Structures are given as structure tokens and as C-alpha cells.
Amino acid sequence: MFEQARIELDVIDIPEMAQRNIAALFEQSDRALVLLAFDDNGGLMTFTSKGELLLARRIEITAGQLQDANEQLRQQYRDRVELELQRSLDYFDRQYNHLPVSRVLVCVPEDAGMVDLLAEAVEAKVERLDLSQVMDISKAPALADSEFVARALPALGAALRHEKRTL
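Cut-off values and rules
- Residues numbered from 1 in each chain as written.
- Predicted model: local features only at pLDDT ≥ 70, side-chain atom pairs only at ≥ 80, totals over all residues.
- Heavy atoms only, no water.
- Axes fitted to C-alpha atoms, helices over the stretch in contact; angles between N-to-C directions.
- Helix = DSSP H or I, 4+ residues; strand = E, 2+ residues; numbered from the N terminus.
- Parallel < 35°, antiparallel > 145°, perpendicular 65-115°, else oblique.
- Left-handed = near helix turned anticlockwise from the far one by under 90°.
- Contact = heavy atoms within 4.5 Å.
- Nonpolar A, V, L, I, M, F, W, Y, C, P; charged D, E, K, R; others polar.
- Phe/Tyr/Trp six-rings, centres within 6.5 Å; stacked < 30°, edge-to-face > 60°.
- Buried < 20%, exposed > 50% of the residue type's maximum accessible area, 1.4 Å probe, protein only.
- Polar contact = N/O pair within 3.5 Å; in protein donor to acceptor, adjacent residues only side chain to side chain.

Taken N-terminus to C-terminus, the directions of helix α3 (residues 71–95) and helix α4 (residues 114–121) make an angle of 45°; their axes are 10 Å apart at the nearest point. Regarding the angle of α3 to α4, the classification is oblique. Pair α3 / α4 crosses with right-handed handedness. Every residue of α4 that contacts α3 at Q75, R78, V81, E82, L85 and Q86 is listed here: M114, L117, L118 and A121. Looking at the contact of α3 with α4 residue by residue, the class counts come to six nonpolar, two polar and two charged.

With that out of the way, let us pick up the packing of aromatic side chains. Tallying each qualifying case throughout the model produces two aromatic pairs. When the ring of F47 is compared with that of F92, the centres are 4.7 Å apart and the planes differ by 25°; the resulting orientation is stacked. Taken together, the residues F47 in strand β2 (residues 42–49) and F92 in helix α3 connect sequence positions 45 residues apart. The pair F47 / F92 is uniform in exposure class, with both members buried. Relative to Y96, the ring of F92 has its centre 4.8 Å away and its plane inclined at 25°; by these criteria the two rings are stacked.

Burial analysis of helix α1 (residues 15–24) places seven of its 10 residues in the buried class, which makes it a mostly covered element. Taken together, the buried positions of α1 are occupied by E16, A18, Q19, R20, N21, I22 and A23. On its buried side, α1 packs onto β1 (32–39), β2, β3 (52–59) and α5 (146–159).

The interhelical angle for the contact between α1 and α5, taken along N-to-C directions, is 75°, at an axis separation of 7 Å. Between α1 and α5, the interaxial angle falls into the category roughly perpendicular. Of the residues in α5, those touching α1 at A18, Q19, N21 and I22 are L153, P154, L156, G157 and A158.

Time to look at unusual backbone geometry. The phi dihedral of R6 is positive, around 55°, even though this residue is not glycine. Tracing the sequence through the fold places R6 in the segment before α1. We note that K50 has phi near 55°; this positive angle belongs to a residue other than glycine. Tracing the backbone shows K50 in the loop between β2 and β3.

This part covers the environment of R57. Mapping R57 onto the fold places it in strand β3. Linking R57 and T46, residues 11 residues apart in sequence, is a C-alpha distance of 6.5 Å. There is a polar contact of 3.1 Å between the side chain of R57 and the side chain of E84. One polar contact links R57 to S88, side chain to side chain, over a distance of 2.8 Å.

What follows is the structure in C-alpha cells.
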């Protein structure tokens, strides 16, 4: 379609790579980082190290479902996320046993109780994603709002893409 419309594309950003760009800002040397982000399209869990995307998993639970008014449904969704994280950490440990996970960062609107729930469920350190740890957000105060960040994370990550140009 793009060729027919005579639109030249240099790159196509995909959510996994955009999320990797955000995760790279938080990485510690010789350790892996897990970034678990939820928006209206669902959850995306990425495992990165040294700026490389090692593993990505989709979770078919949206940010809205994690905030469902029905407590029973909300707990079911949280339990499914907890199980997915546990399984993913186990799988990652088996595949990359030489690379410990430093922490799990969670990006979800209004936290939805996920950080505390996941912190109790796994051995890895679990924290809320806080962009002020890695960038000056004073000129963009909306970046301190978890709901805004959850929606804007793919665009922020895409904006952080670094290309190697060849001549």
C-alpha cells in the first residue's frame, strides 16, 4: 500500500522496540530489566539487557480491565498478570540463567494495585515506572502522571530510537 501511494518508509516502529528504548534508560550493567506496561490495547512485557530486546510477551489484559469496578473481575485479571510474570521470569531464568533480573518496572494507570501485588509474588524487585529517575521531566509535568505515561509510552519509546546511518 505504501509503495502504491509512493510513500517511502525509512523505519517502522513496533511497540516491543519502542518499549525496549524506554527500558534501556533504566538498565544496570550485566543485568536484565523487565518492563511491564499496560494500555488500552493490553499488556506488553519486555526483557532487555545492554539495550537489546531478549524476550517480549503480550498479555491480553488491558489497563481498563485492571481498574474494573467489579472487584472479583479485577482480582482475576491481576491474578492472571501475576501468573504471566511468574511464568515469564521462570522461562527467562532457564534460558538466560547467566543474566539475573535487576528489577521489574510496572507502567499502569493509577497503579491498580499491581506493583504491591507483583512485589509480593516474585523475588525480583518490583517498582512503578518513574521517568523522573532517568530524564528531566520538569518541562513536561504530564510525564509524572501514570495514566498519561501508560498511554504515551509507545510514542516516547519510538522517539528515543537511535539509528545508525550508513553513507
